[in-house]
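Read off the chains here:
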Amino acid sequence: MKYLEKIEKRKSIREFMKREPESKMLEDISNYFQKQYKLVPEIETELVIRTGDVKNSLEGVAGYRGKCFMAPVYMIMLSEKKDYYLENAGYLAEDLCLYMTEIGLDHCWLTADDSEAVKKAAMIESDKEAVVVIACGFGKEEKEKKRLDILNPSNVLFKKRAGHIAPKIAQEEMVYQDKWGKKVDWDAYMIDPVLDQSLYAASLAPSFLNRQPYRYVLKGNTVILCVKEEEMTSDKDTKLDLGATMMNFDAVASEHDWVDWKMGAPAGIEDIGIPEEYKAAAYYEWN
Ligand SMILES: Cc1cc2nc3c(=O)[nH]c(=O)nc-3n(C[C@H](O)[C@H](O)[C@H](O)COP(=O)(O)O)c2cc1C
């Protein structure tokens with residue numbers, strides 16, 4: 001399956017059948033994880049896959065309002081703490097979710113700021129930080145699936161509803177040309193169609209509370225990813241969100257060229273007019 005197809009198909013699922021995925025499937029996920037391309041290659045990561053009783057012990061420890069959805073499998077990604085380890089973890093986790101989508105396994109990310117509590121609940125002894133928790137299994141039929149409704153951060157409702165795709169900011173609203181707020185001319189004569197598709201893929205990434213706290217700015221041949229610090233999102237979740245959107249971008253862009261994000265802000269972007277609440281988080285030179 002092509003990456004874009006997986007990206008369009010991927011969605012969070014919050015209700016699972018009791019049936020455990022076959023061990024071969026979990027082995028395939030582990031093997032995929034070992035071979036993944038990292039955003040920061042020198043960071044050591046591990047993937048722990050837990051089945052069984054962990055569903056009870058994780059309840060209250062991870063997830064919005066402590067809800068873990070009683071999935072048959074939980075994946076816990078551990079990482080060394082080095083510069084950009086959270087963006088790297090978000091990048092790897094999104095790729096893993098896309099792989100799960102390809103092999104027919106459903107998933108939902110679970111927020112977890114307390115690494116020690118997650119490790120304790122999942123009986124993990126490690127010096128590494130628990131950076132991502134993912135619930136997975138086979139999702140229930142469409143009519144029974146739960147959809148997320150965010151009234152405010154402390155009022156996140158899970159409603160049963162068909163057609164549960166989470167509404168996203170359109171690519172057109174998420175990408176600016178040269179100046180903050182200036183629309184891009186998406187005509188194929190004006191913009192490389194692969195860059196167009198990569199930004200479309202980036203706009204479909206999962207994010208904490210579906211907030212999509214980022215915008216992209218195109219300046220010359222530089223793609224600049226800007227992030228907004230939000231009161232309602234922890235620094236950890238914001239960085240995981242960044243990793244996930246960068247993954248989606250790369251998945252499509254790498255068909256065109258090897259993508260090599262540089263973290264931080266490029267020089268000479270003062271004239272873009274990035275508002276105070278945003279800052280440049282990463283950039284990439286499109287060749
Ligand atoms: C860092 C991060 C943390 C998340 N935490 C949770 C969570 O705790 N509970 C939950 O139900 N969904 C969680 N999600 C899933 C988002 O709510 C979901 O991606 C968003 O609503 C968009 O829906 P989609 O994934 O179907 O596109 C998380 C996603 C990310 C990237």
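Residues numbered from 1 in each chain as written. Predicted model: local features only at pLDDT ≥ 70, side-chain atom pairs only at ≥ 80, totals over all residues. Heavy atoms only, no water.

Enquirer: Any details on the overall build of the protein chain? Residues and values, ideally.
Expert: Within the protein chain one finds eight helices and eleven strands. For 287 residues, the compact-globule estimate of 2.2 N^0.38 gives 19 Å, and the C-alpha radius of gyration of the protein chain, at 19 Å, lies within 12% of that figure. Split into buried and exposed, the 287 residues of the protein chain put 54% on the buried side. Taking as baseline every contact in the protein chain between residues at least 6 positions apart, the subset at least 24 positions apart corresponds to 74%. Of note, the protein chain has its 40 positive side-chain charges centred 6 Å away from the centre of its 51 negative side-chain charges. (Helix = DSSP H or I, 4+ residues; strand = E, 2+ residues; numbered from the N terminus. Rg over C-alpha atoms; globule rule 2.2 N^0.38 Å. Buried < 20%, exposed > 50% of the residue type's maximum accessible area, 1.4 Å probe, protein only. Contact = heavy atoms within 4.5 Å. Lys, Arg positive; Asp, Glu negative; His and termini not counted. Charge placed at Lys NZ, Arg CZ, Asp CG, Glu CD.)

Enquirer: Go over the environment of Arg 10, please, and point to the residues and values.
Expert: Here Arg 10 shows up in the loop between helix H1 (3-9) and helix H2 (23-35). Residue Arg 10 is classed as buried on the basis of its relative accessible area, which comes to 6%. Here the alpha-carbon distance between Arg 10 and Leu 204, two residues 194 residues apart in the chain, equals 8.8 Å. In terms of polar contacts, Arg 10 uses its side chain to reach the backbone carbonyl oxygen of Leu 204, at 3.4 Å. (Polar contact = N/O pair within 3.5 Å; in protein donor to acceptor, adjacent residues only side chain to side chain.)

Enquirer: Residues and numbers for the environment of Tyr 91, please.
Expert: Position of Tyr 91 relative to the elements: it lies in helix H4 (residues 85-103). For Tyr 91, the contacting residues outside a window of four places in its chain are Tyr 37, Lys 38, Leu 39, Gly 243, Ala 244, Met 246, Met 247 and Asp 250.

Enquirer: So what's going on with the domain arrangement of the protein chain? Residues and values would help.
Expert: In terms of domain boundaries, the protein chain breaks down into domain 1 (3-144) and domain 2 (171-285). Relative placement of domain 1 and domain 2: their C-alpha centres are 24 Å apart. Here domain 1 meets domain 2 over a buried area of about 2300 Å², counting both sides, of which 67% is carbon and sulfur. Broken down residue by residue, the surface that domain 1 buries against domain 2 is led by Leu 4, Glu 87 and Tyr 91, which jointly contribute 24%. Here domain 1 and domain 2 share one salt bridge between them. (Domains from an automatic or database assignment. Buried area = accessible area lost by both parts, 1.4 Å probe. Salt bridge = Lys/Arg side-chain N within 4 Å of Asp/Glu carboxyl O.)

Enquirer: So, the pairing of strand E4 (residues 129-137): which residues are in play, and what are the values?
Expert: Here E4 lies mainly inside the structure; nine of its nine residues are buried. By the bridge criterion, seven bridges tie strand E2 (residues 73-79) to E4 in an arrangement that is antiparallel. Across the sheet, residue Ser 79 finds its bridge partner in E4, namely Glu 129. As judged from the five bridges shared by strand E3 (residues 106-110) and E4, these two strands associate in the antiparallel manner. Bridge pairing in E4 links Cys 108 to Ala 135. (Pairing = 2+ DSSP bridges.)

Enquirer: Provide a residue-level description of the packing of H2 against H4, including the pertinent values.
Expert: Between H2 and H4, the shortest axis-to-axis distance is 11 Å and the interhelical angle comes to 145 degrees. For the crossing formed where H2 meets H4, the hand is right-handed. In this structure, H2 uses Met 25, Asp 28, Ile 29, Tyr 32 and Phe 33 to contact H4, whose residues at the interface are Leu 92, Asp 95, Leu 96, Tyr 99, Met 100 and Ile 103. Per-class residue counts for the contact of H2 with H4 are nine nonpolar, no polar and two charged. (Axes fitted to C-alpha atoms, helices over the stretch in contact; angles between N-to-C directions. Left-handed = near helix turned anticlockwise from the far one by under 90°. Nonpolar A, V, L, I, M, F, W, Y, C, P; charged D, E, K, R; others polar.)

Enquirer: Account for empty space enclosed by the protein, naming residues and giving values.
Expert: Overall, the coordinates contain one cavity of 30 Å³ or more when judged by the stated rule. Each pocket or cavity is described by its volume, and for the largest cavity that value is around 40 Å³. Lining the largest cavity are Arg 14, Gly 63, Tyr 64, Lys 67, Phe 69, Cys 108, Trp 109, Leu 110 and Thr 111. Taken together, the residues of the lining of the largest cavity sort by class into five nonpolar, two polar and two charged. (1 Å grid on protein atoms, 1.4 Å probe; cavity = no way out; pocket = protein on both sides within 12 Å on 5 of 7 lines; lining within 4 Å. Points joined across faces, edges and corners; volume = space filled by probe spheres on them.)

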